[in-house]
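Survey of secondary and tertiary structure
Read off the chains here:
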Amino acid sequence: MLPSLLLGVLRCLAVPDEAAMKAPAVYVPALLVLLVQASLIRGTGASLGKRLLGIRVVRGDGLPAEVWRIALLRNALPMALCGYCVWFGLVDALFIVGEERRCLHDWVAGTRVVKAVGHGTRSLGGA
């Protein structure tokens, strides 16, 4: 996302009008990042950041989580709700202190985060 952000800032500085943000050069890098992330999630259940941390997202029953479940229910819905209610982010994060150590977005999506140990997994929560 950083190349897209940098291009957007540079474009706005060079052409300070609304049309600058409509340029494809601003959105193409972001689209490429989203496609790469979706491909990684579909294959491993982990984005690049989660892979670096050695964790991944699975469904509550331990089976691989679908991309739509992670993208929409676990990521997009909480971000949208934070736009309407600033406190949602705090409430969402506070759920991590529960017995199963799952945030509210994990409960909504029916997912959990596990350590990626080889091809198996080990739950990070209490379950």
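The paragraphs below set out a description of the structure included in this document. (Residues numbered from 1 in each chain as written. Predicted model: local features only at pLDDT ≥ 70, side-chain atom pairs only at ≥ 80, totals over all residues. Heavy atoms only, no water.)

Notes on the overall build of the protein
Within the protein, the secondary structure is distributed over six helices and three strands. Reading the protein from its N end, one meets helices and strands in the order α-α-α-β-α-α-α-β-β. Counting the 127 residues in the protein, one finds 28% classified as buried. Pairs at least 24 apart in sequence give 46% of the contacts found in the protein among residues at least 6 apart. Of the roughly 8,500 Å² of accessible surface on the protein, 71% is carried by carbon and sulfur atoms. (Helix = DSSP H or I, 4+ residues; strand = E, 2+ residues; numbered from the N terminus. Buried < 20%, exposed > 50% of the residue type's maximum accessible area, 1.4 Å probe, protein only. Contact = heavy atoms within 4.5 Å. Areas by Shrake-Rupley, 256 points an atom, 1.4 Å probe, with all protein chains shown as cover.)

As for the environment of Gly 60
One can find Gly 60 in the loop between strand E1 (55-59) and helix H4 (67-84). Distance in space between the C-alpha atoms of Gly 60 and Val 113 is 9.1 Å, their sequence separation being 53 residues.

With respect to the nonpolar core
If you look at the biggest cluster of nonpolar residues, it comprises six residues: Ile 41, Ile 55, Val 57, Ala 65, Ile 70 and Val 113. Setting aside residues up to four positions removed in sequence, Ile 70 forms contacts with Ile 41, Val 57, Ala 65 and Asn 75. (Core = buried A, V, L, I, M, F, W, Y, C linked by side-chain atoms within 4.5 Å.)

Overview of the pattern of salt bridges
According to the stated counting rule, one finds five salt bridges in the structure shown. Here Asp 61 and Arg 59 are joined by a salt bridge, their closest N and O atoms 2.8 Å apart. Shared partners join several salt bridges into a network, and the residues in it are Arg 59, Asp 61, Glu 66 and Arg 69. (Salt bridge = Lys/Arg side-chain N within 4 Å of Asp/Glu carboxyl O.)

A few points about unusual backbone geometry
Despite not being glycine, Arg 101 shows a phi value in the positive range, around 55°. Mapping Arg 101 onto the fold places it in the loop between helix H5 (88-94) and helix H6 (104-109).

Considering H4
Taking 1.5 Å per residue as the helical rise, H4 with its 18 residues ought to reach 26 Å, and the 25 Å between its terminal C-alpha atoms agrees with that figure. Remark: the principal bend of H4, roughly 35°, maps to Ala 76, with a proline, Pro 78, within the next four residues. Among the residues of H4, those classed as buried are Arg 69, Ile 70, Arg 74 and Pro 78. (Expected span 1.5 Å × (residues − 1). Bend = angle between axes of the 7 residues up to and from the residue.)

Regarding the side chain of Asp 92
Of note, Asp 92 is situated in helix H5. The buried charged residue Asp 92 lacks any salt bridge partner; its closest oppositely charged side chain belongs to Arg 74, at an N-O distance of 8.4 Å. Leaving out residues up to four positions away in the same chain, Asp 92 has contacts with Cys 103, Leu 104 and His 105. (Lys, Arg positive; Asp, Glu negative; His and termini not counted.)

A look at the side chain of Thr 111
Examined against the element boundaries, Thr 111 turns out to sit in strand E2 (residues 111-117). Residue Thr 111 is classed as buried on the basis of its relative accessible area of 0%. Of note is the side chain of Thr 111, whose polar atom sits 3.4 Å from the side chain of Arg 74. Of the polar contacts made by the side chain of Thr 111, one reaches the side chain of Asp 106; its length is 2.7 Å. Apart from residues lying up to four places away in sequence, Thr 111 is in contact with Val 57, Val 58, Arg 59, Gly 60, Ala 65, Arg 69, Arg 74, Arg 102 and Asp 106. (Polar contact = N/O pair within 3.5 Å; in protein donor to acceptor, adjacent residues only side chain to side chain.)

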